[in-house]
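Descriptive analysis of the structure
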Amino acid sequence: MLDELNDAQREAATHIDGPLLILAGAGSGKTKTLTTRLAYLLGEVGIDPANTLTLTFTNKAATEMRDRALRMIGDKAAYPPLLCTFHKFGLIFLKFHIERLGRDNRFVIIDSDDKKRLIRSLAKDQKIDLNLSFLASEISKYKNTLLTPEEVVAKAELPDYKKAARIYQLYQENIEENNLVDFDDLLMLTYRILEENEDLRKETSQRYQYIMVDEYQDTNELQYKLLRQLCSEHDNLCVVGDDDQSIYGWRGANIRNILDFHQHFDNTKVVKLETNYRSTRPILEAANALIEHNSKRLGKKLVSHRGDGPEVELLHSLDEAHEARNIAQKIKGLLAEGVDPDEIAVLYRINALSRSLEEGFSREGLPFKLIGGMRFYERAEIKDIISYFRVLSNPHDDFSFLRIINKPKRGLGKTSIDKLMRLAHERQQSLYQAIESSSEAELASAVSKKAAKTLKTLNETIHELQDEAEKSLYNFVDFFEEKIGLKDFYGSMVDGFERILNIDEFYGYLRDSVMKNPELTLDEFLNDISLQSDQDEVEGDAITIMSIHAAKGLEFEHLYVIGMEEEFFPLLGDGCNMEEERRLGYVAITRAKTHLTLCYSDSRFYKGRRKQLEKSRFLGEAGLIQNASLKVTRNAEYKKGDLVKHKIFGIGRVQAVSKSGKEYKLRINFGGTKKEILSSFVQPA
Ligand code: ATP
Ligand code: MG
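Residues numbered from 1 in each chain as written. Chains lettered and ligands numbered in written order. Predicted model: local features only at pLDDT ≥ 70, side-chain atom pairs only at ≥ 80, totals over all residues. Heavy atoms only, no water.

- As annotated in an unreviewed UniProt entry, the protein carries the name DNA 3'-5' helicase and is attributed to Nitratifractor salsuginis.
- According to the UniProt record, the Sequence similarities (unreviewed entry) comment for the protein is "Belongs to the helicase family. UvrD subfamily." (UniProt positions renumbered as here; feature names shortened; annotations may be inferred.)

Encoded structure:
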């Protein structure tokens, strides 16, 4: 397994004890080295898989790494090592230890969408009129800096922050009452438990003797602190990353974690990798030239192992529709040559740019998958099913209960639901308990006779579904659909067909999961899907359209980056961090293996109006338009009578030259057909 590595990589992979930092640029084999190191520890050194912990940025990366490492060592490992994201690790830890905080381990994870929904309703109750995203990110910030609601309330001074603190307090009360945890809790509570329980801290650290972290440049303060706890009994921590690829600063990632690693951990061995195995020279040169413009960096050099390849292409379009058509044409060409659609990707900086591509590709009949757009699990019909499942696994989850109480329509009006909520509140019960513990007559006096009957029936249905889910999760799916009839409900809507397809896909996915793991419980299934991230959907035979953020760590043979214009990339405006934008540019470019095309457009329709745009400064900084403009000056020297060559029309003779903006327009006679063409699109013949 070590034969596949170069000397520096091998040195890193075989370093066993003590802190190790692999700091290297994109495509230099950091992930490969980490994978090999894991295989080496298990297969050669004989470390028990149970004594390792490898943390990755996505579940997909974890699965891939596990498969590769295990393949390298054949079937030598007794059982698979723990490889997962920080969040998944938190989840596993909390399942075992959340009781130390006096909480029940049958908690449910809520996603960011649920979180916002809850904040909205709390803010409405409190008549607080603040932006929901602001509130959600404040709460996230508090948790990631380990501040309790009480601390935040005591500290807040400005009116808006006082309000945010109040919402945080109510939010935390609410989720604890409903036994919910949000994403931040997965890390924060884990940290708290380890911090407060020395015995457990010792035991856990002794258990995970060898810890590895990929993409370390994007860890935040809390993740760092958590790692410290996990390393309290040893210092066998190996991290890999690239300061130039730190792109989650906006979400609290702290680039200092990697820059100061050798100060955080004494006697750190630092390994640098300087050969890039992914990209051809022109791509690498563009990436290196671009990132050179950042000042806050360690500075690394990367040499291309692959050597020469096609020049980086620039694709100019008039507007977004034209851009989509242009790219579609190019991709059709590639597919016709037999290129596998999986090897092609189109990246964008902001989500809003993906729609025109989707439309364009659909029109051209190109197979594509959009990663991280409207997520599958965020669709209303899917969230409904998930809410039902959550109620089955934890009936006291009022949050989910309210979502399904009248879906499909059971004739329960808002008044009845409000009355039920009041009853539950008075009795300090969950909604479900309030129904369960009352006789129909009692309930009728609180709500109405009709509503009481409906609620009692719902109560019974929940019991039946729970029983069935216990018996066989595989057969449960049909039973569930028959009982609830979500397909009928959604089928009658305008876009019913698509929704039914989604529902079927979801049911199929549950059955599949049961096939793969016959022991699967509803609870585990729910937790797994809560932790799926954007990248996890990358699979199957299609062109990938995704954000640059989601593309981290991946590589594609043919890559297009759209929206290379000032304002869109770099994304200008409030809070713009130019160095982070440039790192994103670096990440984008370095995803390409052989063909890279950077696309820019003269205008785009955005936020209700058409905007005229300038080419991105990054094209210049990457040394790409400087060349183009040199070409323009040279081309300006074309004169009547010159012979020129065009990629598509072949050889022609210049008949006239005129100025067009910064360029020159040539009238060319191609064997009788006359065309007007910008000078940068032809070469001297
Ligand atoms: P990123 O910074 O983008 O995450 P990375 O440093 O993790 O990149 P890898 O994804 O591990 O890089 O490797 C990039 C590519 O180079 C992969 O296709 C990998 O298989 C290949 N590669 C890495 N090391 C070698 C090597 N020594 N010999 C041949 N190929 C290699
Ligand atoms: Mg990597």
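1. Quick word on the site of ligand 1
- Residues in close proximity to ligand 1 total 19 residues, the closest being Lys30, Thr31, Gln245, Glu555 and Arg591.
- Within the backbone of Lys32, an N or O atom sits 2.9 Å from an oxygen atom of ligand 1.
- Between ligand 1 and the protein, one listed contact pairs an oxygen atom with a side-chain N or O atom of Arg591 at 2.7 Å.
- Taken by itself ligand 1 offers 640 Å² of open surface, and the protein chains cover 80% of this.
- Looking at the shell around ligand 1, the element that brings in the most residues is helix α2 (residues 30-45), giving three residues.
- When grouped by side-chain class, the residues that make up the shell around ligand 1 number three nonpolar, nine polar and seven charged. (Near = heavy atom within 4 Å. Polar contact = N/O pair within 3.5 Å; in protein donor to acceptor, adjacent residues only side chain to side chain. Areas by Shrake-Rupley, 256 points an atom, 1.4 Å probe, with all protein chains shown as cover. Helix = DSSP H or I, 4+ residues; strand = E, 2+ residues; numbered from the N terminus. Nonpolar A, V, L, I, M, F, W, Y, C, P; charged D, E, K, R; others polar.)

2. Considerations on the pairing of strand β3 (residues 82-85)
- The pairing of strand β2 (residues 52-56) with β3 spans four bridges and is parallel. Across the sheet, the residue bridging to Leu55 is Cys84, located in β3. (Pairing = 2+ DSSP bridges.)

3. Quick word on the nonpolar core
- Core analysis: the biggest nonpolar cluster contains 47 residues, and Phe389 and Phe480 have the highest contact counts within it.
- Apart from the residues lying within four places of it in its own chain, the contact partners of Phe480 are Ile385, Tyr388, Phe389, Leu465, Gly485, Leu486 and Tyr507.
- Residues Leu91, Ile109, Leu222 and Leu226 belong to the second largest nonpolar core, which totals 41 residues. (Core = buried A, V, L, I, M, F, W, Y, C linked by side-chain atoms within 4.5 Å. Buried < 20%, exposed > 50% of the residue type's maximum accessible area, 1.4 Å probe, protein only. Contact = heavy atoms within 4.5 Å.)

4. A word on the side chain of Arg403
- Residue placement: Arg403 occurs in helix α18 (residues 398-404).
- A polar atom in the side chain of Arg403 sits 3.4 Å from the backbone oxygen of Ala380.
- Setting aside its immediate chain neighbours within four residues, Arg403 contacts Arg117, Ala380, Lys383, Asp384 and Ser387.

5. Digging into the environment of Asp398
- Relative to the assigned elements, Asp398 resides in helix α18.
- In this structure, Asp398 is in contact with Asn178, Ser430, Leu431 and Tyr432, ignoring residues within four places of it in sequence.

6. With respect to the sheet that holds strand β12 (residues 344-348)
- Here we have six strands laid out as an open sheet, ordered β11-β16-β15-β12-β14-β13, and parallel in their pairing. The two strands at the open ends of the sheet, each matched to only one other strand, are β11 (313-317) and β13 (368-370). Adjacent strand axes in the sheet meet at a mean angle of 20° when their direction is disregarded.
- By the bridge criterion, five bridges tie β11 to strand β16 (residues 592-601) in an arrangement that is parallel. Bridge pairing in β16 places His316 opposite Tyr600.
- Packed onto the sheet, helix α15 (residues 320-336) meets β11, β12, β14 (543-547), β15 (556-561) and β16 and runs at close to 135° relative to β11.
- Helix α16 (residues 354-363) contacts β12, β13 and β14 of the sheet and is inclined by roughly 160° relative to β13. (Axes fitted to C-alpha atoms, helices over the stretch in contact; angles between N-to-C directions.)

7. Things to note about the UniProt feature "binding site: ATP" (unreviewed entry) in the protein
- UniProt tags Ala24, Gly25, Ala26, Gly27, Ser28, Gly29, Lys30 and Thr31 as "binding site: ATP" (unreviewed entry).
- Inspection of the secondary structure assignment puts Ala24 in strand β1 (residues 20-24).
- By the secondary structure assignment, Gly27 is in the loop between β1 and α2.
- Owing to a relative accessible area of 11%, Gly27 belongs among the buried residues under this scheme.
- Among all residues touching Gly27, those that are not within four sequence positions of it are Thr275, Asn276, Tyr277 and Arg278.

8. Some points on the sheet that holds strand β6 (residues 210-213)
- Taking strand neighbours across the sheet as the criterion, the six strands line up as β3-β2-β6-β7-β1-β8 in an open arrangement whose pairing is parallel. Here the strands that pair on one side only, and so sit at the sheet edges, are β3 and β8 (269-273). Averaged over all pairs of adjacent strands, the angle between their axes in this sheet comes to 15°, without regard to strand direction.
- Across four bridges, β2 lies against β6 in parallel orientation. Bridge pairing in β6 places Leu53 opposite Ile211.

9. What to know about the pattern of salt bridges
- The tally for this structure, following the rule as stated, stands at 52 salt bridges.
- Between Arg106 and Asp104 there is a salt bridge whose closest N-O contact spans 2.8 Å.
- For the salt bridge of Arg117 with Asp114, the shortest nitrogen-to-oxygen distance reads 3.7 Å. Of this pair, Arg117 and Asp114 both sit in helix α5 (residues 112-125), three residues apart, roughly one helical turn.
- Judged by relative accessible area, which is 26%, Arg117 ranks as partly exposed.
- What makes Asp114 buried here is its relative accessible area of 2%.
- Shared partners join several salt bridges into a network, and the residues in it are Asp111, Asp113, Asp114, Arg117, Lys383 and Arg390. (Salt bridge = Lys/Arg side-chain N within 4 Å of Asp/Glu carboxyl O.)

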